[in-house]
Amino acid sequence: MHPKTLFLAFLSIPILRWFSVHAPKGRIYLAFLPVTLLVIVALNQIHLAHTVHLSPWKGGGFGMFSTTDGGPNRHLRIFLRVPSRHEVEVPQPLEDLADRAEALPSDTYLNELSRKIADYYATEFEAMEGVQIQVWRTEFAPQDLEPEYRMIRDFLFEVERD
Amino acid sequence: MIEWARKVLAGLGQMLAGLDVIDLAIRLSLLDLLYRPVGPWYIRPFILLLAGLGVFSSEVRRSALTWLLLAFLTGWRVVADWPMSDNHAYLLCYWCLAIFCSRLSGNFRASLALNARLLIGMAFLFAIVWKVFLSPDYLDGTFFRVTFLTDERFTGMSRLIGGMSEKAIQESASYLEPLLDGAELFDPPRLMESSGLIRFAFAATWWTLLMEAAVAICFLGLGGPWLFTQRHLMLLAFCSTTYAFAPVAGFGWLLMAMGIAQCEAKCKTIKNLYLACFFLILFYREIPWATLLADWLNG
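Parameters and conventions
Residues numbered from 1 in each chain as written. Chains lettered and ligands numbered in written order. Predicted model: local features only at pLDDT ≥ 70, side-chain atom pairs only at ≥ 80, totals over all residues. Helix = DSSP H or I, 4+ residues; strand = E, 2+ residues; numbered from the N terminus. Buried ≥ 20, exposed ≤ 12 C-beta atoms within 10 Å, placed from the backbone. Contact = placed C-beta atoms within 7 Å. Pairing = 2+ DSSP bridges. Axes fitted to C-alpha atoms, helices over the stretch in contact; angles between N-to-C directions. Nonpolar A, V, L, I, M, F, W, Y, C, P; charged D, E, K, R; others polar. Parallel < 35°, antiparallel > 145°, perpendicular 65-115°, else oblique. Left-handed = near helix turned anticlockwise from the far one by under 90°. pLDDT = per-residue confidence, 0-100.

Once that is clear, we can look at the overall build of chain A. Secondary structure summary: chain A contains four helices and four strands in total. Order of helices (α) and strands (β) in chain A, N terminus to C terminus: α-α-β-β-α-α-β-β. Across the 162 residues that make up chain A, the buried fraction comes to 34%. Of the contacts formed within chain A by residues at least 6 apart in sequence, a portion of 51% connects residues at least 24 apart.

In terms of helices and strands, chain B carries 16 helices and zero strands. Each principal axis of the C-alpha distribution contributes one length, and for chain B these read about 70 × 55 × 45 Å. For chain B, long-range pairs separated by at least 24 residues make up 63% of all intrachain contacts whose partners lie at least 6 apart in sequence.

Next up on the list: the sheet that holds strand E4 (residues 147-158) of chain A. Residue and element names in this part refer to chain A. The strand order E2-E1-E3-E4 describes an open sheet built from four strands, whose pairing is antiparallel. With partners counted over all chains shown, the strands left at the sheet margins are strand E2 (85-88) and E4, one partner each. Neighbour to neighbour, the strand axes of the sheet diverge by 30° on average, direction disregarded. The pairing of strand E1 (residues 74-81) with strand E3 (residues 130-140) spans eight bridges and is antiparallel.

Bringing the pairing of E1(A) into the picture now. All names here are of chain A. Relative to E2, E1 is paired through four bridges, and the arrangement is antiparallel. In the strand pairing of E2, Phe79 is matched with Glu87. Counted along the chain from E1 to the antiparallel partner E2, the turn is three residues long.

Let us now look at the interface of chain B and chain A. By convention, interface size is frequently given as the accessible area that disappears when the constituent parts associate. Taken together, the contact pairs 45 residues of chain B with 45 residues of chain A. Elements that contribute at least two residues to the side of chain B that touches chain A include exactly helix H6 (87-105), helix H7 (108-134) and helix H8 (142-150) of chain B. Tallied by class, residues from the side of chain B that touches chain A come to 29 nonpolar, 10 polar and six charged.

The omega angle of the peptide bond from A:Val82 to A:Pro83 is -5°, so this bond is cis rather than trans. Among the structural elements, A:Pro83 can be located in the loop between E1 and E2. The omega torsion of the bond from B:Trp82 to B:Pro83 falls at 0°, within 30 degrees of zero and hence cis. Mapping B:Pro83 onto the fold places it in the loop between helix H5 (64-81) and H6. One non-glycine residue, A:Phe62, lies in the positive phi region at around 60°. Relative to the assigned elements, A:Phe62 resides in the loop between helix H2 (28-51) and E1. In this model, A:Leu145 sits at a positive phi of 60°, which is unusual for a non-glycine residue. Mapped onto the fold, A:Leu145 is located in the loop between E3 and E4.

Turning our eyes to something else, we now look at the packing of helix H3 (residues 95-103) of chain A against helix H4 (residues 107-120) of chain A. Residue and element names in this part refer to chain A. Two numbers describe how H3 lies on H4: the axes approach to 9 Å, and their chain directions differ by 150°. By the criterion of interaxial angle, the relationship of H3 to H4 is roughly antiparallel. Considering how the two elements wind past one another, H3 and H4 form a crossing that is left-handed. Contacts from Leu97, Ala98, Arg100 and Ala101 in H3 reach Tyr109, Leu110, Glu112, Leu113 and Lys116 in H4. Residues of the contact of H3 with H4, tallied by class, amount to six nonpolar, no polar and three charged.

Okay, the pairing of E3(A) next. Residues and elements named next belong to chain A. Two elements, E3 and E4, share 11 bridges in a ladder whose sense is antiparallel. Paired with Val135 across the strands is Arg153, a residue of E4. Connecting E3 to the next strand, E4, in antiparallel fashion are six residues, including Leu145 with a positive phi near 60°.

Looking now at the environment of A:Leu37. Along the chain, A:Leu37 falls in helix H2. A:Leu37 sits in the partly exposed class, given 18 other C-beta atoms within 10 Å.

With that out of the way, let us pick up the confidence of the model for chain B. Chain-level pLDDT for chain B is 91 on average; 98% of the residues reach the 70-or-more range. Predicted as a complex, the structure gets a pTM of 0.90 and an ipTM equal to 0.92.

Our focus in this paragraph is the environment of B:Gln170. Residues and elements named next belong to chain B. Residue placement: Gln170 occurs in helix H10 (residues 166-175). We classify Gln170 as partly exposed; it has 15 C-beta atoms within 10 Å. Separated by 127 residues in the primary sequence, Gln170 and Leu297 place their C-alpha atoms 20 Å from one another.

Turning our attention to the environment of B:Cys93. All names here are of chain B. Turning to its location among the elements, Cys93 is positioned in helix H6. Between the C-alpha atom of Cys93 and that of Ile287, which follows or precedes it by 194 residues, the distance is 28 Å. With near-sequence residues (within four places) excluded, Cys93 lies in contact with Ala71, Thr74, Gly75 and Val78.

Helix-helix packing: each pair is described by the crossing angle between the helix axes and the interaxial distance. All names here are of chain B. Interhelical geometry of helix H2 (residues 21-35) versus helix H3 (residues 44-56) gives an angle of 145° and a closest axis separation of 9 Å. The hand of the H2/H3 crossing is left-handed. Contact residues: Arg27, Leu30, Leu31, Leu33 and Leu34 in H2; Ile47, Leu48, Ala51, Gly52, Gly54 and Val55 in H3. For the contact of H2 with H3, the per-class residue count stands at eight nonpolar, two polar and one charged.

Structure, rendered in structure tokens:
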């Protein structure tokens, strides 16, 4: 687990203990269920943001309006290996999945997206050997806001041949 | 006319005085669900039906089952949309769950008030943690400088307060979108950022940070008893200013409902201020006041 995640986990302990003293009488565990869920989801979001580049805006960690790393400042580049590289657009039926992969570029989403892209272009590019997906984010220089692309994931999916 | 206004105000005063804070908090939560329906098409009708019935029927809104179903449906929405849901979708789910749990707790009012405090406090604490410790580009003002130039929802503000023209905003937005593979245009766009916009971004950065920190400290009781008693004013100040700029009315309405849930019955003024702020956020959402004002000022 990332050190910052551990630090936050420890930070929440005294706060929750303080509130346990002031909890209403009755079924105390019920009173703390929603906030416990909030803390677990938020810590998991921080963990995912540091390990698999989950966008800080997403995932329930309350990182919205804190960074430019989200939405329009992330994008995908998709290349078909046929066998040379041939760049293609995200097919319209796969846009929803592409948005998810952009926000959370985990192996699971990138693998699923690659497989579906390979299926989509299978008839057009019969010699396809693989699908490469790159996830990029735009960063801005603090002084003059000069934008610069930085690749955060480079994923290669090999097409299995029958 | 004056007589009519007097009657309306008297009637409004009577109606507000008769509203129970917890019932009001729950009704506003249901209105939030109605005003800003959430979820994919196969979830939305059930949420709308339950919320609509709850607004009109006290039996429905007092039933624990209603809130269990709403917690389930709003949670389902978060799972179905993973990871694309906005943060207030999570908070909405926690709040529905909090109402359900409080119904079962044996001490509904105290449990709901505690949940509201904890949820607001922890949500703001995590927002502060992201802005101060985890984000690489918030404290230096980069986030708001970029957002004011690229997010169309803030264009009115950039013109009104930042003194930017529409053309300058468009050219700056093009500058902030570089071409792929290092390609360059013959006549590349330039950053046309006014000093007013830089000052506005700096003010927005620190105002948001300080207000969110104040809300977290007050609601979590980390700043002593006096600050704890000021928590309502902090939340009202945050919502009445932030949601004039931030296009996330659903979050604001939810915070208002959660704020009211903590009011004591005798705090009529605070309750009324929360209610007024709820409708102020509705005004902010429905009227593009910044754009209209900027258009008017620029002739």
